[in-house]
Amino acid sequence: MVRFAREAHEDDPVNLEIELIDIFRQLGTPEALPFFIDLVRRNSNDVNDELVEAFVQLGAAAVDPLVELFHEIDGADAGDVPFVLSALRVRDPRILELLLNRLTADPIDAALCLEIYGDPAAIPHLEAAFSRIPAEDVRSREQIRSAIDELASPLKPSVETEDRFDIWDLYPQETLPDFGMLTEEERLAMLRASSPAVRCEAALSFDGSEPSAQVEATLRELARADPDVAVRGSCWQALGKLSDEPKLRDAMLSVLRNPDTSLEERAGAAVALSRNYEPDAVLIEVFEALYEEPRSRARALKAMGFSLDRRFADYPPRHLDDPDVEIKRQAITATGYLQLSSEAPRLEASLSDERFRLDALFAYALAIPGETSPGRARALLDKMEDIAGGFSADEEELVKYALDQRLMLRGKRPVFFEDAADDEPDQQPASTSKVGRNDPCPCGSGKKYKKCCGA
């Protein structure tokens, strides 16, 4: 394990650093110290909490390698190494000396570390440092005074409150693979797994993409014949991009309209059909019936959103604060697809919750009040960035994509991901009608909207 941990893994599909730290903590072995030191050496200015706790657990054994590392990477710019040494709370003259030496260069950090270290021998040095700090440097004086007061306080009796680290408290007994990291061949093999849950998620990993011939054939077979109803429903849903093919569409309609078919299968077929089929009165009734069942409500909301049909406008807002995570996520997304601008403030509220931030950013870009035109798209992007408290690179790309979708739903050309439209105002009178799934795509590709940007 030590050998593996210290090898280069930059090109591995999964970063296992945290898992390795946890395993070594469970073993409680100082043999892990070379690996821990390597991690700090690579990023000494951002040592994560798990790694700090791993050093603390090893106690005195960690002192020598950390002191050596401190001098190796230049004690004047040692990043978090002094903090880790202080957190050990191991009395060692070398630790005290290096922390005291930092009082001149970085009094705030040094005082904090000395306070954590807890050795009253530092008090005279802190008092001398305090006398040198100008009165206007309030922050430094406050931190040094706090350290002096804390170290001068009577020692409190030690109370052991923290249980021994137990890795089994952190990891579930069973969990599914991250299908986004697997190849098509690997996911295809998992469609034959013995676990229905694995088959379900393997099928849904193809949802929203145009499957290869082999994947399509397997999904069709399992949609009709898998012994598990949830797997059948997931396979129908995963075939959604092909739901405009007459024979497949008829098969899905038959599933959806048959009241004796399982709820899971009908919900999967509903999501699939919503991608390419304008709901008629019968389908609207089926979608609403699926919505009434809590088990299929999330998929019903997903289908309502994909349909772009404003006749479903009353449903998503009811669940923007739903305690069920998946129902709330689908309600957020459907609110965006149906462009319910009146609900934009509630979407904004979800931006601060990391569980829903990406869904809310996408939906908010579709629903945010404002003029929908190529000339105003960048202004909407800037407005959203302010409201969201800034974007990561991936978030900005997602919002740009959503704003392009917003334009195309109004019959206008995209501005962010089409070279022909970059920074160019739309010279043609804009249609206010919705782009039909079978209409030519406004981006000018020559493809149908549903096969191009509407995907």
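All values derive from a computational prediction rather than experimental measurement.

(A) Seen up close, the overall build of the chain. Check the secondary structure of the chain and you find 23 helices and zero strands. By the burial criterion, 47% of the 455 residues in the chain qualify as buried. Considering only contacts in the chain between residues 6 or more positions apart, those separated by 24 or more positions represent 58%. Element-wise, carbon and sulfur atoms account for 50% of the exposed surface of the chain, whose accessible area totals about 23,400 Å².

(B) Representation of a nonpolar patch on the surface within the structure. On the surface, a nonpolar cluster with roughly 270 Å² of combined accessible area is contributed by M1, I23 and L27. Structurally, I23 is set in helix α2 (residues 17-27).

(C) Structural detail: the confidence of the model for the chain. On average, residues of the chain score 88 in pLDDT, and 89% of them are at 70 or above. Highest mean pLDDT in the chain belongs to helix α19 (residues 325-337) (97); lowest belongs to helix α17 (residues 281-292) (90). For the stretch residues 419-438, pLDDT sits under 50, and the model shows 45 contacts to residues farther than four places along the chain or on other chains.

(D) Broad picture of helix α10 (residues 138-152). Here α10 contains 15 residues, and its C-alpha end-to-end distance of 21 Å stays within 8% of the 21 Å for a straight helix at 1.5 Å per residue. Here α10 has its buried residues at S140, I144, A147, I148 and L151. One face of α10 carries all of its buried residues, which in axial projection span an arc of 100°. In this structure, α10 carries R139 and E142 as exposed residues pointing more than 90 degrees from its buried face.

(E) Quick look at the side chain of D226. Topologically, D226 is positioned in the loop between α13 (213-225) and α14 (229-238). Residue classification places D226 among the buried residues on the basis of a relative accessible area of 4%. Among the polar contacts listed, one links the side chain of D226 to the side chain of R199, at a separation of 2.9 Å. With residues up to four places along the chain from it excluded, the contact list for D226 reads R199, E221, V231 and R232.

(F) Representation of the side chain of R406. Structurally, the position occupied by R406 is in helix α23 (residues 393-409). We note that R406 is buried and unpaired, the nearest opposite charge coming from E371 at a distance of 9.4 Å. Separated by 3.0 Å, the side chain of R406 and the backbone oxygen of G370 make a polar contact. Other than its neighbours up to four places away in sequence, R406 contacts Q339, A365, L366, A367, I368, P369, G370, T372 and L380.

(G) Looking closely at the packing of helix α15 (residues 246-257) against helix α16 (residues 263-274). With their axes 8 Å apart at the nearest point, α15 and α16 run at an angle of 135° to one another. By the angle between their directions, the pair α15 and α16 is classed as oblique. Note on packing geometry: the crossing formed by α15 with α16 is left-handed. Here R249, M252, L253, V255 and L256 of α15 come into contact with α16, specifically with E265, R266, A269, A270, A272 and L273. Here the residues of the contact of α15 with α16 are counted per class, giving eight nonpolar, no polar and three charged.

(H) Structural view of the packing of helix α9 (residues 123-132) against α10. The geometry of α9 relative to α10 is characterised by a closest axis approach of 10 Å and an angle of 155° between their N-to-C directions. In terms of orientation, α9 lies roughly antiparallel with respect to α10. Taken as a pair, α9 and α10 cross one another with a handedness that is left-handed. Counted together, I123, L126, E127, A129 and F130 of α9 and R141, I144, R145, A147, I148, L151 and A152 of α10 form the full contact between these two elements.

(I) Broad picture of the packing of aromatic side chains. Counting across every chain of the model gives 10 aromatic pairs. Relative to F36, the ring of F24 has its centre 6.2 Å away and its plane inclined at 85°; by these criteria the two rings are edge-to-face. Here the residue F24 occupies a position in helix α2, and F36 occupies one in helix α3 (residues 33-42), the gap between them amounting to 12 residues. The two residues F24 and F36 agree in class, both being buried. A connected cluster of aromatic rings, assembled from ring pairs, spans F24, F35, F36 and F55. A cation sits over an aromatic face here: R187 above F206, 4.4 Å from the ring centre. Of note, R318 hangs over the ring of Y315, and the distance from its end group to the ring centre comes to 4.7 Å.

Rules of the game
Residues numbered from 1 in each chain as written. Predicted model: local features only at pLDDT ≥ 70, side-chain atom pairs only at ≥ 80, totals over all residues. Heavy atoms only, no water. Helix = DSSP H or I, 4+ residues; strand = E, 2+ residues; numbered from the N terminus. Buried < 20%, exposed > 50% of the residue type's maximum accessible area, 1.4 Å probe, protein only. Contact = heavy atoms within 4.5 Å. Areas by Shrake-Rupley, 256 points an atom, 1.4 Å probe, with all protein chains shown as cover. Patch = residues over 30% accessible without salt bridge, like charges linked within 9 Å, V, L, I, M, F, W, Y side chains within 5 Å. Salt bridge = Lys/Arg side-chain N within 4 Å of Asp/Glu carboxyl O. pLDDT = per-residue confidence, 0-100. Expected span 1.5 Å × (residues − 1). Arc of directions from axis to C-beta. Polar contact = N/O pair within 3.5 Å; in protein donor to acceptor, adjacent residues only side chain to side chain. Lys, Arg positive; Asp, Glu negative; His and termini not counted. Axes fitted to C-alpha atoms, helices over the stretch in contact; angles between N-to-C directions. Parallel < 35°, antiparallel > 145°, perpendicular 65-115°, else oblique. Left-handed = near helix turned anticlockwise from the far one by under 90°. Nonpolar A, V, L, I, M, F, W, Y, C, P; charged D, E, K, R; others polar. Phe/Tyr/Trp six-rings, centres within 6.5 Å; stacked < 30°, edge-to-face > 60°. Lys NZ or Arg CZ within 6 Å of the ring centre and 35° of its normal.

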